Each structure stands twice: as structure tokens, then as C-alpha cells.
Amino acid sequence: MQVGFTHLGSATSLPFPDKHFDAVVIDPPYHDNVPYADLSDFFYVWLRRTVGDLYPEAFQWTLVPKDEEAVVNPARFGGGKKGEQIAQAHYQRLMQKSFEEIHRVLKPEGMAVVMFTHRSTEAWERLIQSLLDAGLYPTASFPVHTEMEASTHQRGKGAIQSTILMACRRRPENAPVGWYAQVRAELERVIPEHLAEFWKAGIRGADFFISAIGPAVGVFGRYRKVMRPDGREVAVGDLLDEARSIVTAFVMEQLGLTRLDGPTWFYVLYRWAYGGEELSFDEANKLAKSVGAELDALAERHRLVVRKKDTVQLPAFAERLRSEAVRRALQQAIENGRLTALPEIDRLHLLLDFWRRGEKEALPTLLRQAGVLAEDHPLWRTAQALLEIEGGRNGGGVGEEARALAQLLGSKRSLLREAETQGAATRQLRLL
């Protein structure tokens, strides 16, 4: 029987011959999620005192060495924007060197299994770029539920609960160049096939977005590089944006919402993926672009999101309509007879606000002015989809919105009957 052994060293310099292993399994550092070395210091100092003489090679330092740790920690490089840039480059350099070593020691037919999880697309871009630059690409991938939803480091952060396992192979040395249109067509064919499996498996929210990354990389990773017709190389980030758009379209189809304006689409998708949690500006911007919207316009023109430094939050209807600017804009739309021109989410929030304030007699008039006079109007489908999304989220503004949605939908038929019998009769509607 072969006896195993352990080796303490750096993944960037493995003491093994070329093409030596049938398989390599790696759980790499999760970008900026965990300061591993700093956390290890607490245990290291006590272990050094108790068993340091038994394992001198493992305890030769006063504290855990940190200079060559593959994590994104801007504080080690002076902080600020410059420190962030250096930390990102530091992480990608070490990750690529590690993957290059894996590529070197892996047999031609061998397999490398990489597990990774992170909500940030940027973190995935760094990892994937390192993987591809090292000559590896995933031939299969699947999400595995690994995180406790009630854990203190997950709760309240909109964190994901799944880890993506990617089974990677060495890319052939004669791998062809791919052309953008061809690769995009492959993505549109391959990704939905996998998404259907993940949907059946019950994967939802932010986890569903990252579940598409493996199949996407499996498509464009087969090529040495992907080029545009004008000779420019397509970046990994651009291809991941394509994958995100495909996921967005798939989710909306599953929710029965195939036709929505940009702001409403963004609102529903944000709630579906992240609930009421804050999101980094970069991630929120990518989410907006996937539905053909601009985050700046959503914040400034529609006042649908609130930006706080580098984070973005989507307020529920009650909090949103406490804004004087929002109420003024909606009141002007009412007075000018332009409710039908508003995004669907604005009209729905108006209905919810009138319901919450007990203005039930005014609701039929509001429905008429908003052009919502049939049971199969798209607004009701959006309201039902939001209720199903938000119904499982207790407490806070999102929970309050879910309760208001349930009550409004329960009175839909009676409100529509009143709107129909009301005829041309109108009443003054006031928000202010």
C-alpha cells in the first residue's frame, strides 16, 4: 500500500517533476474574503510554543509569513486606490504562478479540480484570467451548497452559499483562436442547458449567477484567445458580461417576465439575487448593464437605488417614497397625466403606497390613470413575481413590501371592478 506524505511549501514552486500527477485538487484563497495569515497568527503563536520543536520547519517564523500570501489586502500596500491596484496585481501574479505549477506537474490527461466562491465578478475575473493564462480551462463545473446561511460572516451581507467546483484540463498547445461572434453563439447555446439543470436543482439568487461562470469559461477557455473582427482581443470580463446577460434572460423567462422596462427588470433581478442587501457599485453596475440599464440613471433619474460611497442599496417602496424628490416626480406624473409613461416599478410602488396609507378609495382612479385595467396586465405579473421573491424574506423593508404586495394582489379583482364601474369619473390624487 502506498503511503501518503505532506509537504509544507509554496504552491508557486512545487518540488515535483513535470507531468507527475494524475490529479491536483486545490481550494485557492478567496480573493479578499478572508485574511488567512492574519487569522492564523492567533493559533500559530500557541502552536509554536507547544509543538514548535517537533515541527521546526513549520514554525521558523515569529508570526505567519504574509509577504507572499495570495490574498487581496490593500492595507499591506499602503491602502487607498494605489494599494488596491497593487494588491489585485499581487494576487493575480501569485495565482497564475500557482496554476502554472499545477499545469507543469499535471499529466497530459490529468485533471485539476479548482473550488472557488465569491460574489464579486472582479474576483472571478482575476481567478479565471490566471487559470487561462496558465493553460488550464474547465471542462465541467457544478455548484455545491457549502456555506451556512446563519453564519456570522455570511448573514446580512448578501453572501452566496455555494462553492463552484471546476474540473480543469490542460488546454491543447495547438488550441485555435476563437472569434467573438462564434464564441458568443456557443455561450448562448451551452449556458442555458446548464442553467436548466441548476434551476431544477434549486439553485437561486446570487448563487445562480456564479453557477454560469464554469460553463462560460468551459466555452471560451478552449481557445487560445478570443478575437473581435477588428483585431482586438476579447477580455475575460467581457465574456463574463455576456454570460451574465444570458443568465438574466433565463431568470426572467423562468419568472414569466419576458418583457420589462430596464428599471423594473433591474429591481426584480436585484431583489431575486440579493434581497435587501447592499451591493458593491461594480456588481450593481454589471447587473444594470445586463438588463440594458445604466446605474447612474437608475440612481439619479429614477432614484431607484441609493449609492453610499462604493456600495449601492435598493430601498423598498416605503423607504423609497419617503424621498421628497421621488414623491415630487411621481406627483408631477399624476398631474400631467403621464403615469402610463412611468416604468412599471414606479406605478407598482405608487399602488403600494396608496394601499399602505389606506387610500383604498383612490386606488381605482390610480389604476385607470396608470392604464392597469385588466387582470392579465403585465404589472400584476410583476407584482406576483416580486411577492414570490420577497415572500421568504422576513423583516425590514423587503418583508413589509411583500406583505403589501400580498394584500394588494388579494384585492386585485375588486379594485379592477371598481375602476371599471368608475368610468370617466376621476378624483384628485395626492402624494405630497
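Use the structure listed above.
Undergrad: Mind laying out a nonpolar patch on the surface, listing which residues take part and the relevant values?
TA: There is a patch of nonpolar side chains on the surface, built from Phe 42, Phe 43, Val 45, Trp 46, Leu 47 and Leu 63 and spanning about 620 Å² of accessible area. Looking at the element boundaries, Trp 46 is found in helix α1 (residues 36-51). Relative accessible area serves as the criterion here: at 51%, Trp 46 is assigned to the exposed category.

Undergrad: Kindly report on the packing of aromatic side chains, identifying the contributing residues and their values.
TA: Each aromatic ring pair is characterised by the separation of its centres together with the angle its planes make. Scanning all chains against the criterion turns up 14 aromatic pairs. Relative to Phe 250, the ring of Phe 208 lies with its centre 5.8 Å away and its plane at 25 degrees, an arrangement referred to as stacked. Of the two residues, Phe 208 is situated in helix α5 (residues 205-211) and Phe 250 in helix α7 (residues 236-254); the sequence distance between them amounts to 42 residues. The burial state of Phe 208 is the same as that of Phe 250; both residues are buried. Look at Tyr 270 and Tyr 274: their rings are 5.8 Å apart centre to centre, the planes differ by 70 degrees, and that puts the pair in the edge-to-face class. Taken as a pair, Tyr 270 and Tyr 274 lie in helix α8 (residues 262-274) at a separation of 4 residues, close to a single helical turn. Taken individually, Tyr 270 and Tyr 274 each receive the classification buried, so the pair is uniform in this respect.

Undergrad: Tell me about the side chain of Ser 141, and name the residues and values.
TA: Topologically, Ser 141 is positioned in strand β3 (residues 136-145). Using a relative accessible area of 12% as the deciding quantity, one classes Ser 141 as buried. The contacts of Ser 141, once residues within four sequence positions are left out, are Ile 164, Leu 165, Met 166, Phe 198, Gly 214 and Pro 215.

Undergrad: How would you explain the packing of α8 against helix α15 (residues 378-390) if you had to name every residue and give the values?
TA: It is the contact of α8 with α15, at a shortest axis distance of 9 Å, that shows an interaxial angle of 20 degrees. On the basis of their axis angle, the class for α8 and α15 is roughly parallel. Along this stretch, α8 crosses α15, giving a crossing that reads as left-handed. Only Thr 382, Leu 386, Ile 389 and Glu 390 of α15 make contact with α8, whose side of the interface consists of Thr 264, Tyr 267, Val 268, Arg 271 and Trp 272.

The rules behind these values
- Starting afresh in each chain, residues are numbered from 1 along the sequence in its written order.
- This being a predicted model, a pLDDT of at least 70 is required before a residue's local features are given, and a value of 80 or more before pairs of side-chain atoms are given or counted; all residues contribute to the totals for chains, interfaces and linings.
- The side-chain values count all of the structure's non-hydrogen atoms but skip hydrogen atoms and water molecules.
- Within the patch definition used here, like charges are joined within 9 Å and nonpolar side chains (Val, Leu, Ile, Met, Phe, Trp, Tyr) within 5 Å, considering only residues with over 30% relative accessible area and no salt bridge.
- What sets the accessible areas is the Shrake-Rupley method with a 1.4 Å probe; for residues, cover comes only from the shown protein chains.
- Throughout this description, the term salt bridge denotes a Lys or Arg side-chain nitrogen within 4 Å of a carboxyl oxygen of Asp or Glu.
- Numbering of helices and strands runs from the N terminus, with a helix taken as a DSSP run of H or I at least four residues long and a strand as a DSSP run of E at least two residues long.
- Relative accessible area decides the class of each residue, using a 1.4 Å probe on protein chains only: under 20% of the type maximum gives buried, over 50% gives exposed, and in between gives partly exposed.
- Working definition: rings of Phe, Tyr and Trp (its six-membered ring) pair if their centres are within 6.5 Å, and the pair is stacked with planes under 30 degrees apart, edge-to-face with planes over 60 apart, and tilted otherwise.
- When checking whether two residues touch, look at their non-hydrogen atoms; a contact exists if any pair is within 4.5 Å.
- Only C-alpha atoms enter the line fits that serve as axes; for helices the fit covers just the stretch in contact. Angles between N-to-C directions range over 0 to 180 degrees.
- Throughout, the term roughly parallel applies to angles under 35 degrees, roughly antiparallel to angles over 145, roughly perpendicular to angles from 65 to 115, and oblique to all others.
- Helix crossings are classified by the rotation of the near helix relative to the far one: an anticlockwise turn of less than a right angle makes the crossing left-handed, while a clockwise turn makes it right-handed.

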